[in-house]
Amino acid sequence: MPPGDAMRRHPVIVPLEGGIRRLAALAIVLLILLAPAQAQPPSRDVIIGIKEAPPFVIKAPDGTWTGISIELWTRIAEKLGLRTTFREYQTVPDLLRATADGTLGASIAAITVTSEREQTVDFTQPYFATGLGIAVPMQKEIEWLPILQSFFTVRFLQAVGVLIAAAVSVGSVIWLFERRHTEHFAGGVRGLGTGLWWSASAMTQSAASDKAPATLVGRAMAITWMIASVIMIASFTAGITSQLTAKQIANRVRGPSDLTMVRTGSVAATAAVDYLRSQHVSARVYTSAEAGMAALRQGKLDAFVYDKALLTWIARKDFAEDVEVLDTLFDRQNYAIAVPIGSPLRTRIDVVMIDDLRDSWWHDVVSSYLGRD
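These numbers come from a predicted model, not from an experiment.

> I'd like to hear about the packing of helix α11 (residues 289–297) against helix α12 (residues 308–318), residue by residue, with values.
Their axes nearest at 11 Å, the elements α11 and α12 cross at an angle of 60°. Compared by their axis directions, α11 and α12 come out oblique. The interaxial crossing formed by α11 with α12 has right-handed handedness. When α11 is examined against α12, the residues A289, E290, M293 and R297 are found in contact with a partner set consisting of L311, I314, A315 and D318.

Here you go:
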């Protein structure tokens, strides 16, 4: 058969088959390229942001991490098959910013869930319910040394000096007027001593009538002095009583309603300070809870307000013999794990936490740090 006849009998079969093969090969390549992007499993490596906040996140001297939140995350990561790298931050706002922009896969510490934070990150279900607590000085038996020391303060000695100076002045003037007219005021040192004795006795409302001034001027001065001394002694007594009463009130702090009557402290830039301000409670602010608790122990504060779980930990660790945390809990808050908005890790974490938070394991972890209820 001539070549021209063969070409006329099969004019399009060869090019058509070649085109189909090329299209099929291209489709296979596209499927190979697109399939991993559509079905790619989540990465097993995850960076978790943390901030030191004992007992939830505790940094050991060797740089390792422990704590309630760390133990929870370690268990979650083990069940999800995740390899964790912890990255430390100094403040919660920095921690949340790094989570919001995707630098971190999640962040966990003692992070309180708030409506403002919900606008930038997603939160898992809460894993710890807490609130504000109040630490007060430990109730002890009467300590006499501080009481005795109070009698040697500058203000106390000044007040006593004023009373003595007034008594000496009045006694000397009475003696000057009475020494030539009244026998018991006569003489030099002896008469002056009688005048001073009478003045001091009149001030304490125990003056003897047989040693009283006899002249008109002397009696007028005596009456004036006795009235004035009553006022002076009453003022002096009221000052001491008010200080003792303030200390007794401080020892009777039982809840947030008592904080307006005592010297209260808290940590700067925290929810505790915001709460106190909203309740019109004047509070001294400290850079850390430890500093505030030290001020409480030293008698510079009557009450210290902070997150109750953290207060309990600090009190047990460093102030067990000097400070106690009241049972009261107010302005309740929840701790949760923060993740970037829309992160699929949130659902996976929640699934694991549903079982873990109901398990006795979780109760044992919390109790090992905070003690059993």
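Alright, that's what it looks like, and here's the rest.
> For the nonpolar core, give the residues involved together with the corresponding values.
One finds W73, I76, Y127, M293, F304, I337 and I349 to be the most contacted residues of the largest nonpolar core, which totals 64 residues. Setting aside residues up to four positions removed in sequence, I337 forms contacts with W73, I76, A106, S107, I108, D122, F123, T124, Y127, I349 and M353. Judged by nonpolar contacts, the second largest core, of 14 residues, contains L132, V253, L259 and V281.

> Explain the environment of A315 residue by residue, including any values.
The topology assignment puts A315 in helix α12. A sequence separation of 10 residues divides A315 from V325, and the C-alpha atoms of the two residues are 7.3 Å apart. Not counting residues up to four positions away in its chain, the partners in contact with A315 are M293, A320 and V325.

> Kindly report on unusual backbone geometry, identifying the contributing residues and their values.
The step from P54 to P55 runs through a cis peptide bond, and the omega angle for that step is 5°. For P55, the location among the structural elements is in the loop between β1 (45–50) and β2 (58–59). Unlike most non-glycine residues, H280 shows phi in positive territory, near 60°. Even without a glycine there, the phi angle at D331 is positive, about 50°. You can see D331 is positioned in strand β12 (residues 330–335). Residue D331 is classed as partly exposed on the basis of its relative accessible area, which comes to 32%.

Calculation criteria
- Residues numbered from 1 in each chain as written.
- Predicted model: local features only at pLDDT ≥ 70, side-chain atom pairs only at ≥ 80, totals over all residues.
- Heavy atoms only, no water.
- Axes fitted to C-alpha atoms, helices over the stretch in contact; angles between N-to-C directions.
- Helix = DSSP H or I, 4+ residues; strand = E, 2+ residues; numbered from the N terminus.
- Parallel < 35°, antiparallel > 145°, perpendicular 65-115°, else oblique.
- Left-handed = near helix turned anticlockwise from the far one by under 90°.
- Contact = heavy atoms within 4.5 Å.
- Core = buried A, V, L, I, M, F, W, Y, C linked by side-chain atoms within 4.5 Å.
- Buried < 20%, exposed > 50% of the residue type's maximum accessible area, 1.4 Å probe, protein only.

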